[in-house]
Structure formats: C-alpha cells, structure tokens
Amino acid sequence: MPKLALLAFAVAALPACLLHPIPLDQTVEKTFATRAPDPREPPPDRPLRVVTFNTHGQDGKTIAAAFAADRELRKADVIILEEAHRIQPHGSANIEDTCSAACALANELGFQAVFAPGHVQDDGTDGVAIVSRYPIHTPEVIELPHYNVHWNTGRRIAMAATIDLPDQPITIYAVHLENRITVAQRRAQMQPVIADARRRATPVVIAGDFNTSPFTWIAHAIPVPIGTQDDHLEALMRENGFQTPTADSGPTSRFIGMKLDAIYTRGFDVPRFATSNASEISDHIALWASLVPQNRASIDTVPHSAL
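A brief structural summary. (Residues numbered from 1 in each chain as written. Predicted model: local features only at pLDDT ≥ 70, side-chain atom pairs only at ≥ 80, totals over all residues. Heavy atoms only, no water.)

A look at the packing of aromatic side chains
Geometrically, a pair of aromatic rings is defined through the distance of the ring centres and the angle of the planes.
Point 1. Enumeration over the complete set of coordinates arrives at three aromatic pairs.
Point 2. Each ring, one from F53 and one from F67, has its centre 6.4 Å from the other, and the planes form 45°; the classification is tilted. One end of the pair, F53, is in strand 3 (residues 48-54); the other, F67, is in helix 2 (residues 60-68), and 14 residues separate them in sequence.
Point 3. On the basis of relative accessible area, F67 is assigned to the buried category, the value being 2%.
Point 4. Residues F210 and Y264 carry aromatic rings whose centres are separated by 5.0 Å and whose planes lie at 45° to one another, so their mutual orientation is tilted. Residue F210 is found in the loop between strand 11 (204-209) and strand 12 (215-218), and its partner Y264 is found in strand 14 (residues 261-266); the two are separated by 54 residues along the sequence.
Point 5. In this structure F210 comes out as buried when scored by relative accessible area, which is 1%. (Phe/Tyr/Trp six-rings, centres within 6.5 Å; stacked < 30°, edge-to-face > 60°. Helix = DSSP H or I, 4+ residues; strand = E, 2+ residues; numbered from the N terminus. Buried < 20%, exposed > 50% of the residue type's maximum accessible area, 1.4 Å probe, protein only.)

What follows is the structure in structure tokens.
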C-alpha cells in the first residue's frame, strides 16, 4: 500500500480508536450463584465489609484469586467493580451465554451479582457491577451526562441495586465517572446519582472510581494541576447529606499516587477503612470500608434545596 494511502487509512481509523461505541445490548446481567449463602443466616459478627475496585478488565477468576490472597478483602460482603469486562463473540449481539467478570467472581465466591455494560471495549464490553453475599435485586441503570473527551471516550453510567441484609435493605450505587473533565463537569456528572439517592429511604452506599485526579482539564486535553479534585466532590456529597468516611484513604491509583476512588455513605457508621493491593492485578488499588447501619428504620431524604 502506498505511504499516502496508508496514512489516509490510519487517519480514517483513528476516530474508531478514540470512541467506545454504546453496546447493542444494554441488558443488566444477573447472576444467582448456586452456592449463595442462606439469606436467613444471622449476620456475621462484624460490620458489613464493602469494597470498591477498578479491575482494569481483569477476568473473574483473577479477581477472586486476588481477594483470596488478601486478609482484608477476604472479608468482603459487597464488592463494587468498575471496568468489569464481559467478552462478547465477535459480531454477535447475543450475550445470553456469556459471563462477565462480575458473574465469574460471584460464581467463585458463591455470591450474587448484577453487571451493567457501559461501552464497547476490545472483545466485549466494560461496565459497572455489584457483587453481594446477600440477596441483590432491582438493579437500575443511571445514565450520566456525556462529555466527549476526544480519546478513550464512551458512555458513562452508574447502577443502583437493593441488597437485603438480614435485618434491613440497603441501596448500593456503583459509579464510574469520566476522566479528563473539569471540577464543575465532575460535579454535574455526579448529580443524577445524588438525585436518585435522595429519593431512597434506605441507608445508602455510593462507591466507585470517581477519577478525582489532581488536575482540571482545558478542552479535555491539557491538564492543569489544581492540587486535587477529590475535595471538591467530597464537598458536594456533604452538601447533599452524605458522609465521606474514606477521604483520608490515601492513593488508590498506582500512577503518581492519585486518589481516584471513594466510598460515600448515608445512614452508616464507618469504624474502619483502608486500601489493599489486591495482588497488584490492576492500575488501581482496592478500597474497603467496614460499615455499621445506624439504628434508624429509615433515613431522611435530602431536600431539593441541597441539590
């Protein structure tokens, strides 16, 4: 092929590398493992252990092995995943016979899981997922505002689901925000999750990869060091009635020590939290927290004036 034609081909193909298409099938995958614990069993003699982890496309067995090798992660009751991958046969829209990384992890642990595909990635889709020791149901996908960040851009979503603890239900949100956006855009992208949580009467956990790097971005391309973005997002959450118990977690990224991930709560006490290396299977570090539901039958919703 002549050099000019080769260059033209490369330029024409470039946008496809920069944009991740929306999946043809956006159905939420539900996994009910045959070895799931009996929901009637008494709660463990410890707080609820919640983990959030951007797995960077790792398969379920690799994730399960990393959790098994870590004393703190072995205690996980609820696992929120970002960049959870599901392989899809090339050119096929049928996903009935596929099993995402969340599905495989749930099968390895004897847990239940829900997975929502966000965008097409490599040989399948990437999305967010919730894996739970306890019964999980009523998953709802929340579309987040889209920002075209020019490369590696795609649909951003969050997912909410109800988990039935032995003594009460709670609501869990799995969230993955965009990377190269401004503080104001990040706050705006979080608003649909806050609005949805405001209408819930249950205790709430909002966790995930919020991409709170120490930069803001000009035209989604030029980084401007501003110190942090996490403090701005934490302030937004507190303004809307949520606690930010993992604010002092330290780095959750292996790249220049960035704190990209967080766990926000409403209606819980959080006696402990920390990070775990998870066998270094990802460019992120797992973040966990021990949660104790407060002694209230329901949690007051956040007034509209706070939004």
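Next comes the rest of the account.
Quick word on the state of the cysteines
Where two cysteines share a covalent bond between their sulfur atoms, that bond is called a disulfide.
Point 1. Under the criterion given, the structure shown has one disulfide.
Point 2. For C99, the disulfide goes to C103, at an S-S distance of 2.0 Å. As the torsion about the S-S bond is roughly -105°, the C99-C103 disulfide counts as left-handed.
Point 3. Residue classification places C103 among the buried residues on the basis of a relative accessible area of 8%. (Disulfide = S-S within 2.5 Å.)

What to know about helix 2
Point 1. Every buried residue belonging to helix 2 is among G60, I63, A64, A66 and F67, and all of these are buried. Angular distribution of buried residues about the axis of helix 2 spans 160°; they occupy a single face of the element.
Point 2. Considering only its buried residues, helix 2 is in contact with strand 3, strand 4 (78-87) and helix 3 (101-109).
Point 3. Where helix 2 begins, one side-chain oxygen reaches toward the backbone nitrogen of K61, 3.2 Å away; that side chain belongs to D59. (Arc of directions from axis to C-beta. Contact = heavy atoms within 4.5 Å. Polar contact = N/O pair within 3.5 Å; in protein donor to acceptor, adjacent residues only side chain to side chain.)

Observations concerning the sheet that holds strand 14
Point 1. Strand order in the open sheet formed by five strands is 7-9-10-11-14, with mixed pairing between adjacent strands. Looking at the sheet topology across the chains shown, the edges are occupied by strand 7 (136-143) and strand 14. Averaged over all adjacent pairs, the angle separating strand axes in this sheet is 15°, with direction ignored.
Point 2. As paired elements, strand 11 and strand 14 share six bridges and run antiparallel to each other. Note on strand 14: the bridge partner recorded for I206 is Y264.
Point 3. Set on the sheet, helix 4 (residues 183-198) makes contact with strand 7, strand 9 (157-164), strand 10 (169-176), strand 11 and strand 14; between it and strand 10 the angle comes to about 175°. (Pairing = 2+ DSSP bridges. Axes fitted to C-alpha atoms, helices over the stretch in contact; angles between N-to-C directions.)

A closer look at the packing of helix 2 against helix 3
Point 1. Running from N to C, helix 2 and helix 3 cross one another at 50°; their axes reach a closest spacing of 7 Å. One way to sum up the angle between helix 2 and helix 3 is to call them oblique. Where helix 2 crosses over helix 3, the handedness of that crossing is right-handed. Each of G60, K61, I63 and A64 in helix 2 lies in contact with helix 3, whose residues at this interface are A101, A104, L105 and E108.
Point 2. Here the contact of helix 2 with helix 3 is built from residues that sort into five nonpolar, one polar and two charged. (Parallel < 35°, antiparallel > 145°, perpendicular 65-115°, else oblique. Left-handed = near helix turned anticlockwise from the far one by under 90°. Nonpolar A, V, L, I, M, F, W, Y, C, P; charged D, E, K, R; others polar.)

Some points on the pairing of strand 12
Strand residues, when the strand is regular, have side chains that alternate between the two faces of the sheet.
Point 1. Bridge count for strand 12 against strand 13 (residues 222-225) is four bridges, and the pairing is antiparallel. Considered in strand 13, the bridge of I218 is made with I222.
Point 2. In sequence, strand 12 turns back onto strand 13 through a hairpin of three residues, with A219 there showing a positive phi of about 55°.

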